[in-house]
Amino acid sequence: MKRIFKIFAVVVILATLTAQSAMAGNDERRGTCGASELLINPWARSTGWGGVNVANARGLDATFVNIAGLAFVKNIEVAYSNTILYGGKSGLNSGAIINSFGLGVRVFESGVLGVYIFSAGFGELPVTTYDSPEAGDNGTFAPSYMNINVSYAHSFTNTIHGGATLKVITESTDNVSASGFAIDAGIQYVTGENDELKFGISLKNWGPAFSYGGTGLSLTMTNHAGNNFTVESRSVEIELPTCLNIGLSYDFLFDKWDQRLTLAAAFTSNAFLRDNYTIGFEYGLLKMFQLRAGYMVQPGNWTGDWATANTGISAGASVDIPLSKKDDNTGLTLDYSYRTASPLRGTHAIGATFRF
């Protein structure tokens, strides 16, 4: 037990130091990182209250906000989520769609192995060049992002749970691509007579910088003598959007109709954005229905200095459908969420999780 608490203390200290490092100058560095898709939560359940559930995320839903929550998979979980980003075709020139698929399997008495795939597509975009800047004259191209995540979460005791994720990142068009990797790590602490008080910390997207390459970075030119030669541009190295999440939640439990009201708060220290503050609540009824809402703000939003699209109000709902009278762990959960994204259109997400 003492060893576990020492590990927990080390994680807290390292997280605190990382937060201080991230906050030192993040306002001057904003907008200079790459792989910004790593900051988009693909799961409909947790986005319903702005990803505030850093402390109490459970199952595959936890793979984004805090991987430690994956340790709560009972046997096997399979999840799918579809996100229409910023209004899709009605909000952008082309459709922006995210599809995520996850699988979690308990492989040891206290350990769970998980895999999830994040895939984002943006439809067909027009090609423009220096010599032909008008859209429609040069055909189209289809950029895509894909991240493959392999995770492991472990329950050290009934109160302390931790986990880590290895991410393989790929971004590509028809003639330019980039790849890299990153690591997530998180821990959750649960206490109280009915496990009503929860605390969580997660460090996300820590890894080396990456760069782009491909024929799209080269240009064939002709000199005065009529000879052709190729000039290749080198891509600068781009850093990953590292961030630190700290969250707290408390459950108010009521015996009548198995009601539950969870209040949660979270702080996110971003290395390349201003920090986020999120509050939210979730109401549960009969262990079958949940309603949730959240509000995320960045300090600059109060003065109108600037805004990030993934801030503001979010709301969502879930329905848990039991599929077996003998086994409470077998069931289907349907999720929906909506996030405001001013000045863009809102983001809708629907998802389903099958447990057996």
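Residues numbered from 1 in each chain as written. Predicted model: local features only at pLDDT ≥ 70, side-chain atom pairs only at ≥ 80, totals over all residues. Heavy atoms only, no water.

A closer look at the pairing of strand β17 (residues 312-322)
Where we set the bar: Between any two strands, at least two bridges found by DSSP are needed for them to pair. Strands are runs of DSSP state E lasting at least 2 residues, helices are runs of H or I lasting at least 4, and numbering of each runs from the N terminus.
As defined by bridge partners, strand β16 (residues 289-297) adjoins β17 across eight bridges and the pair is classed as antiparallel. The residue of β17 that forms the bridge with F289 is V319. Pairing between β17 and strand β18 (residues 331-341): nine bridges, direction antiparallel. Among the inter-strand pairings, D320 is bridged to a residue of β18, identified as T333.

Points about empty space enclosed by the protein
The following threshold applies: Cavity means a closed set of points on a 1 Å grid over the protein atoms alone, one where a 1.4 Å probe fits but cannot get out, pocket means an open set with protein on both sides within 12 Å along at least 5 of 7 lines, and lining means a residue has an atom within 4 Å of a point. Grid points are joined across faces, edges and corners, and a volume is the space filled by probe spheres set on the points.
According to the stated counting rule, one finds two cavities of 30 Å³ or more in the structure shown. If you add up the space inside the largest cavity, you get close to 70 Å³. Taken together, E37, L38, I40, P42, F64, Y116, F118, N147, N149, K167 and K204 make up the lining of the largest cavity. Counting residues per element, the ones that place at least two in the lining of the largest cavity are β3 (111-121) and β6 (144-155). If you add up the space inside the second largest cavity, you get close to 30 Å³. Lining the second largest cavity are T63, F64, V65, N66, I67, D184, A185, S202 and K204. Secondary-structure elements contributing two or more residues to the lining of the second largest cavity are α4 (62-65), β8 (177-191) and β9 (197-206).

Section: the packing of aromatic side chains
Each aromatic ring pair is characterised by the separation of its centres together with the angle its planes make. Applicable threshold: What counts as a ring pair is set by centres within 6.5 Å for rings of Phe, Tyr and Trp (its six-membered ring), and what kind of pair is set by the plane angle: stacked under 30 degrees, edge-to-face over 60, tilted for all other angles. Cation placement over rings: the criterion is NZ of Lys or CZ of Arg within 6 Å of the ring centroid and within 35° of the ring normal.
Across all of its chains, the model carries seven aromatic pairs by this definition. Ring geometry for F122 against Y145: centres 5.3 Å apart, planes inclined by 75 degrees, an arrangement best described as edge-to-face. Separated by 23 residues along the polypeptide, F122 in the loop between β3 and β4 (125-126) and Y145 in strand β6 bring together distant segments of the chain. Over the aromatic face of F64 sits the side chain of K204, whose NZ or CZ is 4.2 Å from the ring centroid. Above the ring of W257, the side-chain terminus of K256 is found at 4.6 Å from the ring centroid.

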